[in-house]
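Chain by chain, the residues:
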Amino acid sequence: MHKEDLKLAKQLLSGNEQVFETFFNLYYVRVYRFCLRRVNENEAEDIALETMRQAMRRIETYRGEASLLAWVYQVARSQVSAFYKRAQKHKDLLLIEDDLQVQAQVEAMGSELSNDPQAVKEKQQHANLIHFMLDSLPGDYGRILEWKYVEGWSVDEIAERLDSTPTAIQSMLARARTAFRNAYEQISQGADQSKVVPFGSGGVQT
């Protein structure tokens, strides 16, 4: 139980402006950075502000079972998800092809950007989409894919981080890759195929 976080949440319910300022100062920058990894700068600011508003409106639902920051991040994920659902309705939405391996898709989030402004824009949109899909995956699937293919962690290191075994992590990675492909397929079904942009290729390592 996160008692201090729960105490802050209860204080927010009182409507005290100073408490709200404390809450905002503690979490807004973190939420903004969280959003900035998933959408562009302009949208990140709007989504972060909306996240803080929604968090205030829903604060009575916080029970202290997870940290308040983790709870606020979950609100942010919902806001990012809503943003992408709206974005899919526009014809200028750029998506990656569905013939790529998970490793190449996820690894590319951490690759160096080109000097070409258009390439930079496309790369950022690709990265935003991949972050969105990772956040959509159940349990630790999104985290272990990012740890494996972006941060370069070994299976043993992931197992130690999750207090698990390498064998269990190997199995989890296999399920995570399948879940990632399924999530991508669901998203790409609504895309305008004339706007699809190639992303790259590569094999999947375990």
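Preceding block: the structure.
Scope of this entry: the structure provided in the associated data block. (Residues numbered from 1 in each chain as written. Predicted model: local features only at pLDDT ≥ 70, side-chain atom pairs only at ≥ 80, totals over all residues. Heavy atoms only, no water.)

### Quick look at the overall build of the protein
Link 1 in the chain: When you go through the protein residue by residue, the secondary structure sums to nine helices and zero strands.
Link 2 in the chain: Helices (α) and strands (β) of the protein occur, in sequence order from the N terminus, as α-α-α-α-α-α-α-α-α.
Link 3 in the chain: Taken over 206 residues, the protein has a buried fraction of 41%.
Link 4 in the chain: Put simply, 70% of the contacts in the protein that link residues at least 6 apart link residues at least 24 apart.
Link 5 in the chain: Of the roughly 11700 Å² of accessible surface on the protein, a fraction of 46% belongs to carbon and sulfur atoms. (Helix = DSSP H or I, 4+ residues; strand = E, 2+ residues; numbered from the N terminus. Buried < 20%, exposed > 50% of the residue type's maximum accessible area, 1.4 Å probe, protein only. Contact = heavy atoms within 4.5 Å. Areas by Shrake-Rupley, 256 points an atom, 1.4 Å probe, with all protein chains shown as cover.)

### Structural notes on helix α2 (residues 17–36)
Link 1 in the chain: Between the first and last C-alpha of α2 there are 27 Å, a value that for 20 residues agrees with the 28 Å anticipated at 1.5 Å per step.
Link 2 in the chain: Inspection of α2 places V19, F23, Y27, Y28, V31, Y32, F34 and C35 among the buried residues, and these make up the whole buried set.
Link 3 in the chain: For α2, the N-terminal cap is N16; the gap from its side-chain oxygen to the backbone nitrogen of Q18 is 2.8 Å. (Expected span 1.5 Å × (residues − 1). Polar contact = N/O pair within 3.5 Å; in protein donor to acceptor, adjacent residues only side chain to side chain.)

### What to know about the packing of α2 against helix α4 (residues 68–87)
Link 1 in the chain: Two elements in contact, α2 and α4, have axes whose closest approach is 10 Å; the angle formed by their N-to-C orientations is 45°. Classed by the angle they form, the pair α2 and α4 counts as oblique. Both α2 and α4 take part in a crossing whose hand is right-handed. Along the contact surface, α2 presents F23, Y27, R30, V31, F34 and C35, while α4 presents L68, L69, V72, Y73, A76, R77 and V80.
Link 2 in the chain: Residues of the contact of α2 with α4, tallied by class, amount to 11 nonpolar, no polar and two charged. (Axes fitted to C-alpha atoms, helices over the stretch in contact; angles between N-to-C directions. Parallel < 35°, antiparallel > 145°, perpendicular 65-115°, else oblique. Left-handed = near helix turned anticlockwise from the far one by under 90°. Nonpolar A, V, L, I, M, F, W, Y, C, P; charged D, E, K, R; others polar.)

### Describing the pattern of salt bridges
Link 1 in the chain: Tallying each qualifying case throughout the model produces three salt bridges.
Link 2 in the chain: Notably, a salt bridge pairs R37 with E146, separated by 2.3 Å at the nearest N-O pair. Of this pair, R37 sits in the loop between α2 and α3 (41–58) while E146 sits in helix α7 (residues 141–149); the two residues are 109 residues apart in sequence, bridging distant segments of the chain.
Link 3 in the chain: Owing to a relative accessible area of 41%, R37 belongs among the partly exposed residues under this scheme.
Link 4 in the chain: E146 sits in the buried class, given a relative accessible area of 12%.
Link 5 in the chain: Linking R53 and E50 is a salt bridge whose minimum nitrogen-to-oxygen distance equals 2.9 Å. With R53 and E50 both in helix α3 and three residues apart, the pair spans about one turn of that helix. (Salt bridge = Lys/Arg side-chain N within 4 Å of Asp/Glu carboxyl O.)

### A look at the nonpolar core
Link 1 in the chain: Within the largest apolar cluster, 51 residues are counted, with the highest numbers of intra-cluster contacts made by F23, C35, L68, W71, L137 and L145.
Link 2 in the chain: Of the residues forming this core, the biggest block, nine residues, is contributed by α4. (Core = buried A, V, L, I, M, F, W, Y, C linked by side-chain atoms within 4.5 Å.)

### Focus on the packing of aromatic side chains
Link 1 in the chain: Scanning all chains against the criterion turns up six aromatic pairs.
Link 2 in the chain: Here the aromatic rings of F24 and Y28 are separated by 4.9 Å at their centres, their planes lie at 5°, and the arrangement is stacked. Placement of the pair is F24 and Y28 together in helix α2, with a separation of four residues, close to one helical turn.
Link 3 in the chain: We classify F24 as partly exposed; its relative accessible area is 25%.
Link 4 in the chain: By relative accessible area, Y28 is classed as buried at 15%.
Link 5 in the chain: Plain terms: the ring middles of Y28 and Y32 are 6.3 Å apart, the flat faces sit at 25° to each other, and that makes the pair stacked. Placement of both Y28 and Y32 in helix α2 is noted, with a separation of four residues, approximately one turn of the helix.
Link 6 in the chain: An aromatic cluster of at least three residues, connected via ring pairs, comprises F20, F24, Y28 and Y32. (Phe/Tyr/Trp six-rings, centres within 6.5 Å; stacked < 30°, edge-to-face > 60°.)

### Comments concerning α4
Link 1 in the chain: Between its terminal C-alpha atoms α4 stretches 29 Å, which fits the 28 Å expected from 20 residues at 1.5 Å a residue.
Link 2 in the chain: Where α4 is concerned, the buried positions are L68, L69, W71, V72, V75, A76, Q79, V80, S81, F83, Y84 and A87.

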